[in-house]
Amino acid sequence: MNLDPETLTPRERYLLMSATILPRPIAWVSTVSPEGVPNLAPFSFFTGIAANPMSLCFAPVNDRHGKKKDTLINIEAMKQFVVNIVDEKNAVKMNQTSAPYPYGVSEFTKAGLTPLPSAVVKPPRVAESPVSYECELIQIVRLGEGALAGNLVIGKVVRFHCDDRVYGDGAIRHQDLKAIGRMEDAWYTRAQDAFELPRPETI
């Protein structure tokens, strides 16, 4: 099969990417509106960028009608956000926060989650999450317009939080973190079937 993306609809392109770029880590992003209402939503186009400065990015695409996600609207206004990591025990509640609630409705309340004050930024952390990154906005890169167009949000990490039960002996192990990842359609994966490959020497 050999496909030209320009011959496909945005939805078809999205389905191809989400079915082949896997597994994808999940950024469970908490923000706050100018009126002080917290918002929480998951995004699987997400990764770390660099350690100096400590930075990460995620991409909230526009919805199928070309409308911006509530998360993006809040970040544009407040210039801050928190990325919370999703573990196995929070999978169902994370999924609930992806429901299309109207702007101004708190997903924390709808999913039965606990907003925890952050140390530096205004948006709250998810108390139930084992790891949280408080971030200040560096830049938003617009990629396209209309339905499923991308908005790459780049943030500088200004505070890192980790549950003591996960952070042991100065290190974090995936066996303890138990993060989940996104697959295609409604599928998710656990970080259980892992294998180790030490970095090789030059030959």
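Presented here is an overview of the structure given in this document. (Residues numbered from 1 in each chain as written. Predicted model: local features only at pLDDT ≥ 70, side-chain atom pairs only at ≥ 80, totals over all residues. Heavy atoms only, no water.)

1. Quick notes on the pairing of strand S9 (residues 131-143)
In the sheet, strand S6 (residues 80-85) pairs with S9 via five bridges, with the strands oriented antiparallel. Each bridged residue has a counterpart across the sheet, and for Val83 the counterpart in S9 is Tyr133. As judged from the twelve bridges shared by S9 and strand S10 (residues 150-162), these two strands associate in the antiparallel manner. Bridging across to S10, Arg142 finds its partner in Asn151. In this antiparallel pair of consecutive strands, S9 and S10, the connection spans six residues, and Gly144 shows a positive phi of 85 degrees. (Pairing = 2+ DSSP bridges. Helix = DSSP H or I, 4+ residues; strand = E, 2+ residues; numbered from the N terminus.)

2. Focus: the sheet that holds S9
Strand order in this open sheet of seven strands is S3-S2-S6-S9-S10-S5-S4, and the pairing throughout is antiparallel. The open sheet has two edge strands with one neighbour each: strand S3 (38-43) and strand S4 (46-51). Looking at each pair of strands side by side, their axes are set apart by 30 degrees on average, direction ignored. (Axes fitted to C-alpha atoms, helices over the stretch in contact; angles between N-to-C directions.)

3. Section: a nonpolar patch on the surface
A cluster of nonpolar side chains, Met54, Phe160, Tyr167 and Ile172, forms an exposed patch at the surface whose accessible area comes to about 350 Å². Among the secondary structure elements, Tyr167 is positioned in strand S11 (residues 167-168). (Patch = residues over 30% accessible without salt bridge, like charges linked within 9 Å, V, L, I, M, F, W, Y side chains within 5 Å. Areas by Shrake-Rupley, 256 points an atom, 1.4 Å probe, with all protein chains shown as cover. Salt bridge = Lys/Arg side-chain N within 4 Å of Asp/Glu carboxyl O.)

4. So, the side chain of Thr97
As for its placement among the helices and strands, Thr97 is situated in the loop between helix H3 (91-96) and helix H4 (107-111). A relative accessible area of 2% places Thr97 in the buried class. When near neighbours in sequence (up to four residues on either side) are disregarded, Thr97 contacts Trp28, Leu40, Ala41, Pro42, Glu107, Ala111 and Leu113. (Buried < 20%, exposed > 50% of the residue type's maximum accessible area, 1.4 Å probe, protein only. Contact = heavy atoms within 4.5 Å.)

5. A few points about the environment of Ile154
Mapping Ile154 onto the fold places it in strand S10. As a C-alpha pair, Ile154 and Pro34 span 120 residues in sequence and 20 Å in three-dimensional space. Those residues in contact with Ile154 that lie beyond four places of it in its chain are Ile49, Leu56, Cys57, Glu136, Leu137, Ile138, Gln139 and Val141.

6. Topic: the packing of aromatic side chains
The full count for this structure, using the stated rule, is four aromatic pairs. The interplanar angle of 40 degrees and the centroid separation of 5.9 Å between the aromatic rings of Tyr14 and Phe45 together place this pair among those described as tilted. Of this pair, Tyr14 sits in helix H1 (residues 10-20) while Phe45 is found in the loop between S3 and S4, placing the two residues 31 residues apart along the sequence. Residue classification places Tyr14 among the partly exposed positions, given a relative accessible area of 23%. Between the aromatic rings of Phe58 and Phe81, the centroid separation amounts to 5.5 Å while the plane-to-plane angle is 65 degrees, which identifies the pairing as edge-to-face. (Phe/Tyr/Trp six-rings, centres within 6.5 Å; stacked < 30°, edge-to-face > 60°.)

7. Some thoughts on the pattern of salt bridges
Two side chains of opposite charge can pair, provided their charged atoms sit close to one another. Counted by the stated rule, this structure contains six salt bridges. Measuring nitrogen to oxygen at the nearest pair gives 2.9 Å for the salt bridge that ties Glu76 to Lys68. Members of the salt-bridge network, linked through shared partners, are Lys68, Glu76 and Arg142.

8. Examining the pairing of strand S2 (residues 27-32)
Within S2, six of the six residues are buried, which leaves it mostly tucked inside the rest of the structure. Neither face of S2 is exposed, since Ala27, Val29 and Thr31 on one face and Trp28, Ser30 and Val32 on the opposite face are all buried. With six bridges joining them, S2 and S3 adopt antiparallel strand pairing. The residue of S3 that forms the bridge with Ala27 is Phe43. The antiparallel pairing of S2 with S3 creates a hairpin that spans five residues between the two strands, and Gly36 there sits at a positive phi of about 90 degrees.

9. A word on helix H2 (residues 70-78)
Taken residue by residue, H2 has Asp70, Thr71, Leu72, Asn74, Ile75 and Met78 as its buried positions. Looking at the buried side of H2, the elements it contacts are S2, S3, strand S5 (54-58), S6, S9 and S10. Lys79, located one to two residues past H2, shows a positive phi value of around 65 degrees.

10. Quick word on the sheet that holds strand S1 (residues 24-25)
One open sheet holds the three strands; their spatial order is S1-S13-S14, and the pairing between them is antiparallel. Edge positions in the sheet fall to S1 and strand S14 (188-190), since each of these pairs with one other strand and no more. In terms of strand pairing, S1 meets strand S13 (residues 180-182) through two bridges, oriented antiparallel. Bridge pairing links Arg24 to Arg182 in S13.

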